[in-house]
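Listed here are the chains, written in short residue letters.
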Amino acid sequence: MQIIQTENLKPYNTFGLEATSKGLIHILRENDLFEVLLQGLSPLKILGGGSNILITKNIDAYILRNEIKGIEVIEEDENELLVQCGAGEQWHQFVMWSLSNGLAGLENLSLIPGSVGAAPMQNIGAYGVEQKSAFHSLKAIHLETGVRRIFYNEECRFGYRESIFKNEVKDQYFITHVNYILKKKNFTLQLSYGAITDILSQKGILHPTVNDVSEAVMDIRRSKLPDPKLIGNAGSFFKNPVITMSLYNVLIAKYPDMPSYPIDAESIKIPAGWLIEKSGMKGYTNGQIGVHKLQALVLVNYGGGNGSDIYQLALDLQQKVKEMFDISITPEVNLW
Ligand code: FAD
Ligand code: NAP
């Protein structure tokens with residue numbers, strides 16, 4: 001185990017923000033982590049692909065970069081398969097592994113950046129599917145005691161971009177492996193997001209396969225989302241707010257074009273990107289940072305920007321949306 005004190009964190013976060021830390025430690029196996037704990041290094045922060053963090057200052061902690069690899073089939077029957085994935089594998093590579101083995105369950109989650117270990121953190125989701133629908137369990141190590149623990153699906157309290165790891169046990173556990181149940185047959189494809197069916201019909205595909213759905217999702221994503229290799233960003237900066245029907249009724253009378261997606265009889269989801277766009281901030285730039293011109297939910301660093309300015313921009317957007325719609329939007333991105 002090596003502690004690299006001089007390493008700039010810029011290559012390790014998709015916003016491309018510069019920062020130092022007390023030291024960067026590559027965790028390739030569980031024993032590297034136990035060595036860190038034995039040495040009593042603290043405080044500790046866990047890093048995967050850095051695609052869901054906003055670094056606003058130099059980090060006064062040791063950064064544990066999760067690089068635990070390996071994909072292993074644990075159990076299998078004629079219908080499904082239980083697979084264990086090292087938390088340091090790239091999520092998209094894991095999805096591609098599942099497709100190349102003819103397995104269903106993760107296809108709508110193609111091309112999401114980041115590591116497998118971070119997927120349960122915010123219960124990643126896209127195009128009508130969340131990772132919790134295939135999630136079986138995960139293995140984690142408690143950072144203070146070194147005790148191993150297994151968390152099963154129900155215990156993770158998965159919600160909309162939420163889990164126990166973002167709340168009750170935040171920063172307490174290092175996730176080392178995640179187990180998923182993937183289907184060999186008897187599965188239903190999730191095509192309810194309009195854009196997927198549009199792309200499939202444009203391609204003349206009447207009976208889509210799992211691979212067709214994955215390719216449709218990748219086509220849509222490539223056409224809309226800025227590639228972090230070219231423009232620094234962390235995907236959607238805010239969660240989509242869920243509001244009451246009474247507020248919705250007031251707003252829809254004023255903004256008849258407002259998109260919405262019912263959650264239940266009393267609540268309804270409004271796309272945060274639409275709220276920001278309507279507030280006039282889509283495409284806004286301030287020096288090296290701004291709001292993306294195609295997707296207002298994505299804040300960007302064009303290069304050389306700093307995290308505290310992006311944070312200030314996020315606060316300004318929250319205030320504008322609150323003033324205009326009386327809706328509070330909350331960050332999905334983790335503030336470091
Ligand atoms: P990091 O940014 O490294 O870490 C995120 C948080 O998880 C941090 O608090 C960190 O401490 C913690 N963490 C990371 N690894 C571990 C671990 N092993 N154990 C314990 N804690 C850990 N998200 C979606 O949900 N859906 C999308 O469609 C989506 N699209 C995106 C598109 C783009 C272009 C970008 C840049 C981001 C997108 N995201 C999306 C957000 C992001 O990719 C996901 O949240 C992803 O799971 C983050 O993984 P990561 O490894 O980069 O996490
Ligand atoms: P979009 O298709 O333009 O739709 C805008 C928003 O409306 C989405 O955020 C989505 O909410 C909601 N929506 C659209 N169709 C819906 C339906 N049929 N049922 C329920 N809700 C619907 O969104 P986009 O920005 O291009 O993103 C597409 C998908 O990828 C979304 O699921 C989005 O969450 C995901 N994504 C996430 C990130 C991230 O960083 N978290 C980044 C890029 C894309 P939901 O977000 O609740 O699905």
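Residues numbered from 1 in each chain as written. Chains lettered and ligands numbered in written order. Predicted model: local features only at pLDDT ≥ 70, side-chain atom pairs only at ≥ 80, totals over all residues. Heavy atoms only, no water.

(A) The overall build of the protein chain, seen in detail. Looking only at helices and strands, one finds seven helices and 20 strands in the protein chain. Taken over the C-alpha trace, the protein chain has a radius of gyration of 21 Å; the compact-globule value for 336 residues is 20 Å, and the two agree within 12%. For the protein chain, the C-alpha atoms occupy an extent of roughly 60 × 50 × 35 Å along the three principal directions. The burial tally for the protein chain puts 49% of its 336 residues in the buried class. (Helix = DSSP H or I, 4+ residues; strand = E, 2+ residues; numbered from the N terminus. Rg over C-alpha atoms; globule rule 2.2 N^0.38 Å. Buried < 20%, exposed > 50% of the residue type's maximum accessible area, 1.4 Å probe, protein only.)

(B) View of the packing of aromatic side chains. Taken as a whole, this structure holds 13 aromatic pairs when the rule is applied. Geometrically, the ring pair formed by Tyr 255 and Trp 274 is edge-to-face, given 6.2 Å between the ring centres and 80° between the ring planes. Here Tyr 255 is found in the loop between α5 (245-254) and β15 (261-262), whereas its partner Trp 274 is found in helix α6 (residues 272-278), with 19 residues between them in sequence. Looking at Tyr 255, the relative accessible area reads 10%, which means it is buried. Accessibility expressed as a relative area gives 12% for Trp 274, which makes it buried. Joined through ring pairs, the aromatic side chains of Trp 91, Phe 94, Trp 97, Phe 135, Phe 158 and Tyr 180 make up one cluster. The ring of Trp 336 carries Lys 45 above its face, with NZ or CZ at 4.9 Å from the centroid. (Phe/Tyr/Trp six-rings, centres within 6.5 Å; stacked < 30°, edge-to-face > 60°. Lys NZ or Arg CZ within 6 Å of the ring centre and 35° of its normal.)

(C) Representation of the side chain of Arg 161 in the model. As for its position among the elements, Arg 161 is in the loop between β11 (148-152) and β12 (173-183). A distance of 3.2 Å separates a polar side-chain atom of Arg 161 from the backbone oxygen of Gly 125. For Arg 161, the contacting residues outside a window of four places in its chain are Gln 122, Asn 123, Ile 124, Gly 125, Glu 130, Lys 166, Lys 239 and Glu 332. (Polar contact = N/O pair within 3.5 Å; in protein donor to acceptor, adjacent residues only side chain to side chain. Contact = heavy atoms within 4.5 Å.)

(D) Highlighting the sheet that holds strand β7 (residues 80-86). Read across the open sheet, the five strands follow the order β6-β7-β12-β10-β11; overall the sheet is antiparallel. The sheet terminates laterally at β6 (71-76) and β11, the two strands that pair on one side only. Ignoring strand direction, the axes of neighbouring strands in this sheet form an average angle of 20°. Inspection of the sheet shows strand β10 (residues 135-142) paired to β11 by five bridges, in the antiparallel sense. (Pairing = 2+ DSSP bridges. Axes fitted to C-alpha atoms, helices over the stretch in contact; angles between N-to-C directions.)

(E) Just the packing of helix α2 (residues 91-100) against helix α4 (residues 210-224), in detail. Where α2 contacts α4, the axes come no closer than 10 Å and their chain directions differ by 155°. It follows that α2 is roughly antiparallel to α4 by the angle criterion. Here α2 runs over α4; the crossing is left-handed. For the pair formed by α2 and α4, the contact residues are His 92, Met 96 and Leu 99 on the first element and Val 210, Asn 211, Ser 214 and Met 218 on the second. Within the contact of α2 with α4, the residues separate by chemical class into four nonpolar, three polar and no charged. (Parallel < 35°, antiparallel > 145°, perpendicular 65-115°, else oblique. Left-handed = near helix turned anticlockwise from the far one by under 90°. Nonpolar A, V, L, I, M, F, W, Y, C, P; charged D, E, K, R; others polar.)

(F) Looking closely at the site of ligand 1. The environment of ligand 1 is formed by 33 residues, the closest being Ile 46, Gly 49, Ser 51, Ser 115 and Arg 221. For ligand 1, a nitrogen atom lies 3.3 Å from a polar atom in the side chain of Asn 66. Between ligand 1 and Gln 122, the relevant distance is 3.0 Å, taken from an oxygen atom to a side-chain nitrogen or oxygen of the residue. For ligand 1, the protein covers 95% of the area, taking 980 Å² as the surface of the free molecule. Among the secondary structure elements, those contributing two or more residues to the shell around ligand 1 are β3 (44-47), β8 (125-126), β12 and β13 (232-236). Among the residues forming the shell around ligand 1, the class breakdown is 16 nonpolar, 15 polar and two charged. (Near = heavy atom within 4 Å. Areas by Shrake-Rupley, 256 points an atom, 1.4 Å probe, with all protein chains shown as cover.)

(G) Structural context of unusual backbone geometry. Cis geometry is adopted by the peptide bond preceding Pro 43, which originates at Ser 42 and carries an omega value of -10°. Note that Pro 43 resides in the loop between α1 (30-38) and β3. Of note in this structure, Tyr 127 is not a glycine but carries a positive phi near 50°. Tracing the backbone shows Tyr 127 in the loop between β8 and β9 (129-130). Here Asp 171, not a glycine, exhibits a phi torsion of approximately 65°, which is positive. Structurally, Asp 171 can be placed in the loop between β11 and β12.

(H) Up close: α1. Listing the buried residues of α1 in full gives Glu 30, Asp 32, Leu 33, Val 36 and Leu 37. Along α1, the residues classed as buried sweep out an arc of 160° about the axis, all on the same side. Of the exposed residues in α1, the ones pointing more than 90 degrees away from its buried face are Asn 31 and Leu 38. Where α1 is buried, its residues touch β2 (23-27), β3, β5 (62-66), β10, β11 and β12. (Arc of directions from axis to C-beta.)

(I) The arrangement of the domain arrangement of the protein chain in detail. In terms of domain boundaries, the protein chain breaks down into domain 1 (3-66), domain 2 (71-183) and domain 3 (232-335). With centres defined by C-alpha atoms, the gap from domain 1 to domain 2 works out at 21 Å. Taken together, the contact pairs 14 residues of domain 1 with 17 residues of domain 2. For the pairing of domain 1 and domain 2, the buried interface totals around 1200 Å² over both sides, and the portion due to carbon and sulfur atoms is 64%. Contact with domain 2 buries area across many residues of domain 1, yet Glu 30, Ile 46 and Asn 66 alone supply 41% of it, more than any other trio. (Domains from an automatic or database assignment. Buried area = accessible area lost by both parts, 1.4 Å probe.)

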